[in-house]
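Chain by chain, the residues:
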Amino acid sequence: MKGKTSITLSSDVLAELDRLAGPKGSRSAVIEQVLRKYFRERARRRIHQRDFERINAAEDRLNAEAEEVLVYAAPE
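Residues numbered from 1 in each chain as written. Predicted model: local features only at pLDDT ≥ 70, side-chain atom pairs only at ≥ 80, totals over all residues. Heavy atoms only, no water.

(A) Up close: helix 3 (residues 59-73). Taking 1.5 Å of rise per residue, 15 residues should cover 21 Å, and helix 3 covers 21 Å from first to last C-alpha, within 8% of that figure. Little of helix 3 is tucked away: zero of the 15 residues are buried. (Helix = DSSP H or I, 4+ residues; strand = E, 2+ residues; numbered from the N terminus. Expected span 1.5 Å × (residues − 1). Buried < 20%, exposed > 50% of the residue type's maximum accessible area, 1.4 Å probe, protein only.)

(B) View of the pattern of salt bridges. One pass over the full model with this rule turns up seven salt bridges. Note that E16 is salt-bridged to R19, the shortest N-O span being 2.6 Å. Residue E16 and its partner R19 are both found in helix 1 (residues 11-21); the two are separated by three residues, about one turn of the helix. The partner of K37 in a salt bridge is E41, and the shortest N-O contact between them spans 3.9 Å. A residue pair is termed a helical-turn pair when its members lie 3 or 4 positions apart in one helix, as K37 and E41 do in helix 2 (residues 27-57) at four residues. Classification of K37 by relative accessible area gives partly exposed; the value is 46%. Via salt bridges that share partners, K2, E32 and R36 belong to a single interconnected network. (Salt bridge = Lys/Arg side-chain N within 4 Å of Asp/Glu carboxyl O.)

(C) Spatial organisation of the environment of G25. Residue placement: G25 occurs in the loop between helix 1 and helix 2. Exposure remark for G25: the relative accessible area of 40% places this residue in the partly exposed category. With 28 residues separating them along the chain, G25 and E53 place their C-alpha atoms 43 Å apart.

Okay, here's the thing in structure tokens:
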């Protein structure tokens, strides 16, 4: 289901939108495509930020484990 909305854009943005849509294209289709990509990237950034925070929270434990492996694997 689609809904209607009204937005106001500056003339330079509107000109670029028309260029991207092409003579037979749809402004709405271009805007929807751009917004969907933005939403996907935003969700991906949130996931990466969450993972980064988890790694940082476990930093000391992970570093200690890595050091144990290196000591164990080092030739005598």
